[in-house]
Each structure stands twice: as C-alpha cells, then as structure tokens.
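Per-entry structural report
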Amino acid sequence: MITNFEQIFEQLRSKAKKRLVAAWAVDDHTIGAAGKAVDAGIVEATLVGDEKLIRQVCEHEGIDVNKFKIVHIAEELKAVATAVEMVKNGEGDILMKGLCSTDKYMRAILNKEKGLLPPKAVLSHVAVLQNPNYHKLLILGDMAVIPAPDLNQKVAITKYLVNTAKALGIEKPKVAVIAATEQMLPGMPACVEAAIISKMGDRGQIGGCLIDGPLALDVALSEEAVAVKKLVSPVAGDADCLVFPNIESANVFYKVNSQICVGVKQAAIVAGASAPCVLSSRADSIETKLNSIALAALTAK
C-alpha cells in the first residue's frame, strides 16, 4: 500500500512513461511542474500554447525548453480545445490544466463531439491528501465539479474514490460518507443518502470496499472520537476515503488542509473522463501540480 507521494513516484519510475498534454501551458507553475515531472522520469510532456510565452517562462525560470514538445497555439480557447483533442485522438495519456480557467477547461472536456466524456459518464473531482497528522493518505471528493451531488452522483463519486484508493494499493478501502453527525437523522438529507450508500455497500452494489455513513468528520478520522462516542463501525477512525455531502464542505476541507496545515501534500484530478485530467487551482503550488501529474499517471490506463 502506498502511504506517501514519494512512493507514487518510485512506482511510476518502474513503469513506461505516460504522455502529458498541458492545455494553455504558458505560466511558470504549469511549466515548472511539467518540467519536474519530466526530470523525475514519469512523463513525456507536450505544452500547448503560445510558444513565445512558453519560451519566455522557460528562460526566466531557468528551465530547458528542449525537454518539452511545444504545440504553438496563440489563442487560449483554441489551445485548450487542441490539447483535449490530442488526448482524445490518443496523442496523450493525461490532460493538464494550465493558466486557463476551470470553466474553459471543463467545457472543452465536456464537449459532446470533441471532448473526453464517455456516454452517460459522471465527471468528478478526486483529491489525495498526505497530512502528517493522519496515519495514511486520504482520498476525497468532490471539491470542484459537482456542486450538490444527488444520490446517483454520490454513488459515482464513491466508486471513483474507491478506484483511486485501489490504484494506491489499498485492497479494501474504507469509505466514510460524511454528514454533520453520525446519528441517523431522517430530517437531514445528507444522513439519509449516506445511509443508503452504506447499505448499498453492504449489499455488494458498490463492491471492493467497506462503506459506513453517515459519519461526522471527527469519528471518520479519530479513533479517540470513536471511543468517546462509543461508536461501532468498520470504517470510523480509520477511513481511507471521504465522500462529502456537497462542494462547499469538500472544498473547505481541502483548502483548510492546504492553507493552514503545515506539511500537507496534495494532488487532484478529474475522474470519469476517458483519460485522467489534472485539475488544480491556478494558485496551487508547483509541488501540488507535480503531485497531481503523478496521481494522474498512476491512474492512467
């Protein structure tokens, strides 16, 4: 079982390199992360964007531009569409967001004719956190794509988290479906849907994992909280995966970890497309974007 990001890099170095295509890759963080991924031996990288801007960034940051293949597209929207089309046509294994907005990036992925969305698929944002205050990696969703997931979308999110956990070598992931309380309160929709998903796990409708919910965040992660509350659960206190009730709760949890928790490492991708898509904030660090490339490479077919 992989327990930190360095182990992800170690595993990837023993495999064939994946091909990364970065959309509107004209900023120092995107180019820097792609360059580090190339240097780490885990990908080959193509940068799609204004070649003049790309070369200027490389010169300013001291990055060897020759380590990249550059596809010159001077217009942002066209560059994003071209990058998506390259991955769709099999010219890349991983898509990465550059300086473009999330809306433009997602619209290109969702394009019915030229995008990466399989029929009837649900796209979801999956993140992996390495927090020194928790004893293993945490996989969570959805922070950025589905604002208010319904039951079917929560089931899809759960399956994506489980698949990501399995790619990390976790044989039977423990999934906590998060609500404001671990009590079964019929008046709280998050509790009701969590209970349904938990029972679906019991019935084998969501296989290969252990699921429990509703679980408040404290009992999902803290053995001490479990003991104090005298909760009996196969997941509580030792969760691998966290399914949040809505985008606000997931996004706040993710950003609290990134902004005020010392020593946290993160990665984030879009799951459900025909290829993994790196989706990190334009403000995310080079390290987070590099970790996201590694996670995408690990989950790519």
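Presented here is a report on the structure given in the accompanying data block. (Residues numbered from 1 in each chain as written. Predicted model: local features only at pLDDT ≥ 70, side-chain atom pairs only at ≥ 80, totals over all residues. Heavy atoms only, no water.)

Our next topic: the side chain of K18. Counting through the fold element by element, K18 comes out in strand β1 (residues 18-23). One buried charged side chain, K18, makes no salt bridge at all; its nearest oppositely charged neighbour is D93, positioned 5.4 Å away. Beyond its immediate stretch of four places on either side in the chain, K18 contacts I42, V43, E44, D93, I94, A297, A300 and K301. (Helix = DSSP H or I, 4+ residues; strand = E, 2+ residues; numbered from the N terminus. Buried < 20%, exposed > 50% of the residue type's maximum accessible area, 1.4 Å probe, protein only. Lys, Arg positive; Asp, Glu negative; His and termini not counted. Salt bridge = Lys/Arg side-chain N within 4 Å of Asp/Glu carboxyl O. Contact = heavy atoms within 4.5 Å.)

With that settled, consider the packing of aromatic side chains. This model, assessed by the stated rule, comprises one aromatic pair. Between F244 and F253 the ring centres are 5.4 Å apart and the planes differ by 40°, which places this aromatic pair in the tilted class. We classify F244 as buried; its relative accessible area is 4%. Residue classification places F253 among the buried positions, given a relative accessible area of 13%. (Phe/Tyr/Trp six-rings, centres within 6.5 Å; stacked < 30°, edge-to-face > 60°.)

The nonpolar side chains of a soluble globular protein tend to be buried, and buried together. Judged by nonpolar contacts, the single largest core of 88 residues is most densely connected at I42, F68, L95, I109, I139 and I293. Residue contacts for I139: discarding those within four places in its chain leaves V126, A127, V128, L161, T164, A165, L168, I170, D240, C241 and L242. (Core = buried A, V, L, I, M, F, W, Y, C linked by side-chain atoms within 4.5 Å.)

Our next topic: the packing of helix α4 (residues 76-88) against helix α5 (residues 102-110). Where α4 contacts α5, the axes come no closer than 9 Å and their chain directions differ by 40°. Between α4 and α5, the crossing angle belongs to the class labelled oblique. For the crossing formed where α4 meets α5, the hand is right-handed. Here α4 contributes E76, L77, V80 and V84 to the contact with α5, which in turn contributes K104, Y105, A108 and I109. A per-class count over the contact of α4 with α5 returns six nonpolar, no polar and two charged. (Axes fitted to C-alpha atoms, helices over the stretch in contact; angles between N-to-C directions. Parallel < 35°, antiparallel > 145°, perpendicular 65-115°, else oblique. Left-handed = near helix turned anticlockwise from the far one by under 90°. Nonpolar A, V, L, I, M, F, W, Y, C, P; charged D, E, K, R; others polar.)

This paragraph deals with the environment of V262. Note on placement: V262 falls in the loop between α10 (247-260) and β10 (265-271). When its relative accessible area of 74% is taken as the criterion, V262 is described as exposed. Residues V262 and S14, 248 residues apart in the sequence, show an inter-C-alpha distance of 31 Å.

Moving on: the sheet that holds strand β8 (residues 210-215). Strand order in the open sheet formed by eleven strands is β3-β2-β1-β4-β11-β10-β5-β6-β9-β7-β8, with mixed pairing between adjacent strands. Where the open sheet ends on each side, the last strands, each with one partner, are β3 (68-72) and β8. Relative to the sheet, helix α11 (residues 286-299) contacts β1, β2 (43-49), β4 (94-97), β5 (124-130), β10 and β11 (277-278), its axis offset from that of β10 by approximately 50°. (Pairing = 2+ DSSP bridges.)

Here the structure, examined in full by the defined rule, presents 13 salt bridges. The closest approach of N and O atoms between E51 and R55, which form a salt bridge, is 3.0 Å. Placement of both E51 and R55 in helix α3 (residues 51-61) is noted, with a separation of four residues, approximately one turn of the helix. Here E51 falls in the partly exposed class, since its relative accessible area comes to 26%.

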